[in-house]
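Remarks on the overall topology
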Amino acid sequence: MRQTPYYVFDMDEFAKRAAMIRAALDCKGGRRIPLCFSIKANPFLLHKLPAGLDHVEVCSPGELEICIALGVKPESIIYSGVMKEKCDIERAVSYGAGILTCESIRHATLISEVISEGMPEGAHETGFVKTKAQVILRLTSGNQFGMSLDNIEYIISHPDEFKGIEVIGIHYYSGTQKSLRKINKDLEKIRSALTGLKEKYGFEPQLVEYGPGLCVEYFEDDWQEKEKQSLDEAAEVLREFAEEYPLGIEMGRFLAASCGKYYTQVKDLKSTGDANYAILDGGIHHLNYFGQRMAMQVPPIKVYGCEVSENEERTGVEFTELPDTDYTLCGSLCTVADVLVREVKLKKLEIGDVLEFGHCGAYSVTEAPALFLSRQFPAVYAYSKEYGYECLREHIPAAEINLAGKKL
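Okay, so let's go over this structure. Starting afresh in each chain, residues are numbered from 1 along the sequence in its written order. Thresholds applied to this predicted model are a pLDDT of at least 70 for local features of residues and 80 or more for the giving and counting of side-chain atom pairs; totals over whole chains, interfaces and linings are not thresholded and use all residues. Computation of side-chain values covers all heavy atoms of the structure but excludes hydrogens and water.

A few points about the packing of aromatic side chains
Here is the rule we go by: Here the aromatic set is Phe, Tyr and Trp, taking the six-membered ring for Trp, and pairing holds for ring centres within 6.5 Å; pairs whose planes are under 30 degrees apart are stacked, those over 60 apart are edge-to-face, and all others are tilted. Only DSSP runs of H or I covering at least 4 residues are called helices, and only runs of E covering at least 2 are called strands; the numbering of each starts at the N terminus. To sort residues, take the accessible area from a 1.4 Å probe on protein chains only and compare it with the maximum for the residue type: under 20% means buried, over 50% means exposed, and anything in between is partly exposed. By the criterion adopted, a ring carries a charge over it if an Arg CZ or a Lys NZ lies within 6 Å of its centre and within 35 degrees of its normal.
In the structure shown here, the tally under the stated rule is 13 aromatic pairs. Where Tyr6 meets Tyr381, the ring centres are 5.6 Å apart and the plane angle is 80°; that geometry is what we call edge-to-face. Taken as a pair, Tyr6 in strand E1 (residues 6-10) and Tyr381 in strand E16 (residues 379-384) lie far apart in primary sequence, 375 residues in all. Here Tyr6 falls in the buried class, since its relative accessible area comes to 0%. Judged by its relative accessible area of 12%, Tyr381 falls in the buried class. Plain terms: the ring middles of Phe241 and Tyr245 are 5.3 Å apart, the flat faces sit at 35° to each other, and that makes the pair tilted. For the pair shown, Phe241 and Tyr245 are each scored as buried. Members of the aromatic cluster, joined through ring pairs, are Tyr7, Phe9, Phe44, Tyr262 and Phe357. The aromatic ring of Tyr387 is capped on one face by Lys48, whose charged end is 4.3 Å from the ring centroid.

Let's talk about the environment of His47
The following threshold applies: Residues are treated as being in contact if the distance between any of their heavy atoms lies within 4.5 Å.
With respect to the helices and strands, the residue His47 is situated in the loop between strand E2 (35-38) and strand E3 (55-58). When its relative accessible area of 29% is taken as the criterion, His47 is described as partly exposed. For the pair His47 and Ser258, spaced 211 residues apart in the sequence, the C-alpha separation amounts to 17 Å. With sequence-adjacent residues up to four places away left out, His47 is seen in contact with Met11, Ala382, Glu390 and Leu392.

Honestly, that's just the spatial picture; any functional story needs more than this.
Written as structure tokens, this is what we have:
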């Protein structure tokens with residue numbers, strides 16, 4: 001019996017999703033648009049990256065250490081992040097990160113200094129030598145990320161001030177869950193910026209890295225059809241843009257969401273007035289759906305009438321008959337905010353039933369407030385038809401992290 005709560009990430013579904021996106025993006029004449037996975041969506045998916053992915057976006061020193069530990073090819077790494085210190089850049093350069101992003105003039109200065117001062121200790125162990133770092137300059141979308149077009153022009157027009165870098169392109173991302181109209185607006189902004197850079201400085205990019213932020217339909221029954229339609233519509237304009245510029249696409253949520261499931265067990269049942277409450281051993285510290293408002297939307301949920309066995313064979317029955325009871329699904333935290341779903345019709349639950357929440361392959365495993373109230377971290381499993389279920393992380397007591405100066 002597998003102890004709840006836990007996640008299962010279906011690596012076959014992840015590969016299938018990547019292949020679907022890859023096929024939509026491929027241009028006529030064999031032109032290939034590079035596809036990048038933003039690992040902040042789910043670093044556990046680095047366990048087995050699909051063949052259709054060309055790059056991984058790494059946004060912190062910790063994510064870089066995960067890549068190093070797992071042997072991710074350094075040339076595939078785009079090392080990003082709004083806050084970079086010199087030691088972070090040294091580590092990325094010494095590992096051989098293929099591309100670094102600049103989100104400020106200071107970033108360009110620090111990267112150039114690292115290269116100009118020579119490789120840091122340990123760099124030669126990788127057999128990697130760099131005379132200039134290949135960088136892409138991130139254009140702001142109006143928030144703290146990236147920099148103004150004026151600052152981008154300054155870096156491009158002052159190569160003697162940044163001798164350690166080679167500017168190979170532009171990076172742009174304006175948010176998630178975007179409409180086709182917003183994507184078109186983004187592309188027009190990028191096109192306008194590149195036109196000006198060419199006219200003023202003769203700059204022509206080798207890479208235009210763009211995150212379209214396609215919409216994930218967390219709460220729709222026909223999510224597959226809607227997401228495929230969104231992909232096809234966006235791919236058409238992206239392929240057109242790729243005829244003008246060397247486009248690269250980065251995705252996190254849209255790539256990863258569909259591959260994840262989260263399992264939590266009913267530990268208590270009670271009614272107060274007209275409300276029926278199911279108290280689960282998981283909660284909002286493990287599960288997070290973008291766009292969920294006051295727990296009013298209902299994500300994909302299945303109920304199993306007993307625990308889930310070690311080999312994932314159901315020792316009970318998935319209940320598919322007409323639902324007959326309204327429930328409020330609450331987690332284990334001592335806060336009124338810990339409501340996963342405010343109202344959902346399910347078969348009559350019993351203590352020990354296991355609930356499966358779908359579409360949680362992106363962000364839930366890292367974004368939810370897992371340290372709150374010192375509940376344990378869920379276990380993490382990968383599944384594939386070839387290898388079956390593999391444990392990637394056992395349950396971890398959060399109390400050990402929240403305990404000051406002592407060990408349990």
